[in-house]
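# Notes for the structure review
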Amino acid sequence: MAYLRVSYATLDGVHDALDAAQELFANASVPTDGGAFGADEVTDAFTVFRTSQERSTGWLADTSRTLAQYAHDTKSLVQDADAELAGKVGGK
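Residues numbered from 1 in each chain as written. Predicted model: local features only at pLDDT ≥ 70, side-chain atom pairs only at ≥ 80, totals over all residues. Heavy atoms only, no water.

## Section: the overall build of the chain
Operational definition: Put simply, DSSP H or I for four residues or longer makes a helix, DSSP E for two residues or longer makes a strand, and each gets a number counted from the N terminus. Based on C-alpha atoms, the radius of gyration is set beside the globule rule, defined as 2.2 Å times the residue count to the power 0.38. We call a residue buried when its accessible area falls under 20% of the maximum for its residue type, exposed when it is over 50%, and partly exposed in between, using a 1.4 Å probe and counting protein chains only.
Scanning the chain from terminus to terminus reveals two helices and zero strands. The C-alpha radius of gyration of the chain comes to 22 Å, more than 25% above the 12 Å expected for a compact globule of 92 residues. Counting only C-alpha atoms, the chain reaches 75 × 20 × 20 Å along its principal axes. When the 92 residues of the chain are sorted by exposure, 16% land in the buried category.

## So, the side chain of Thr 57
So the rule is basically this: It only takes one pair of heavy atoms within 4.5 Å for two residues to be counted as in contact.
Note on placement: Thr 57 falls in helix H2 (residues 40-89). The exposure class of Thr 57 is buried, given its relative accessible area of 15%. Contact partners of Thr 57, with chain neighbours within four places excluded, come to Phe 25 and Ala 28.

## Quick word on helix H1 (residues 8-26)
Side chains three or four residues apart in an α-helix point the same way, a direct result of the helix having 3.6 residues per turn. Applicable threshold: A helix is expected to span 1.5 Å for every residue after the first. Note: the arc covers the axis-to-C-beta directions of the helix.
For H1, which comprises 19 residues, the first-to-last C-alpha distance of 26 Å matches the rise-based estimate of 27 Å (1.5 Å per residue) to within 8%. Burial in H1 covers these residues: Leu 11, His 15, Leu 18 and Gln 22. Across the axial projection of H1, the buried residues extend over an arc of 70 degrees, all falling on one side. Facing away from the buried surface of H1 by more than 90 degrees, the exposed residues are Ala 9 and Leu 24. The inward-facing, buried residues of H1 contact H2.

## Considerations on the packing of aromatic side chains
For clarity, the threshold we go by: Aromatic contacts are taken between Phe, Tyr and Trp rings whose centres are within 6.5 Å, Trp giving its six-membered ring; a plane angle under 30 degrees counts as stacked, one over 60 as edge-to-face, and the others as tilted.
Counted according to the given criterion, the structure contains one aromatic pair. Between Phe 46 and Phe 49 the ring centres are 6.3 Å apart and the planes differ by 45 degrees, which places this aromatic pair in the tilted class. With Phe 46 and Phe 49 both in helix H2 and three residues apart, this pair spans about one turn of that helix.

## Observations concerning the environment of Gln 79
Looking at the secondary structure, you find Gln 79 in helix H2. Overall, the relative accessible area of 33% leaves Gln 79 in the partly exposed class. Separated by 51 residues in the primary sequence, Gln 79 and Ala 28 have C-alpha atoms spaced 35 Å apart.

## Considerations on the packing of H1 against H2
Angle between the axes and distance between the axes are the two parameters that describe a pair of packed helices. Stated formally: Here an angle of 0 to 180 degrees is reported between the N-to-C directions of two axes, which are lines fitted to C-alpha atoms, with helices fitted over the stretch in contact. Roughly parallel covers angles under 35 degrees, roughly antiparallel covers those over 145, roughly perpendicular covers 65 to 115, and oblique covers all other angles. Here is the rule for handedness: rotate from the far helix to the near one, and if that takes an anticlockwise turn smaller than a right angle the crossing is left-handed, while a clockwise turn gives right-handed. Classification used: nonpolar for Ala, Val, Leu, Ile, Met, Phe, Trp, Tyr, Cys and Pro, charged for Asp, Glu, Lys and Arg, polar for all others including Gly.
Interhelical geometry of H1 versus H2 gives an angle of 160 degrees and a closest axis separation of 8 Å. If you check the angle between H1 and H2, you find them roughly antiparallel. Considering how the two elements wind past one another, H1 and H2 form a crossing that is left-handed. The residue inventory of the contact of H1 with H2, partitioned by class, reads 13 nonpolar, seven polar and five charged.

This is the structure:
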């Protein structure tokens, strides 16, 4: 018979790491050109790059938040299942 072992410490660690990543991505600052490039083509290219980077950091922040919630929910669901099984074994 196979056993399912769930490490709550690992799930907590994953949750905390993803929360930190979400915070990092959500607060990422993307520099502006400040007019230093001069040529309109270069400034336009930088603007496109900056917009793409902002979208990417937003996506990474959202994904980190979602995965952190999955880790939290997994821990809660396993704890609930353990409590329910313990109740059945104990005759409750």
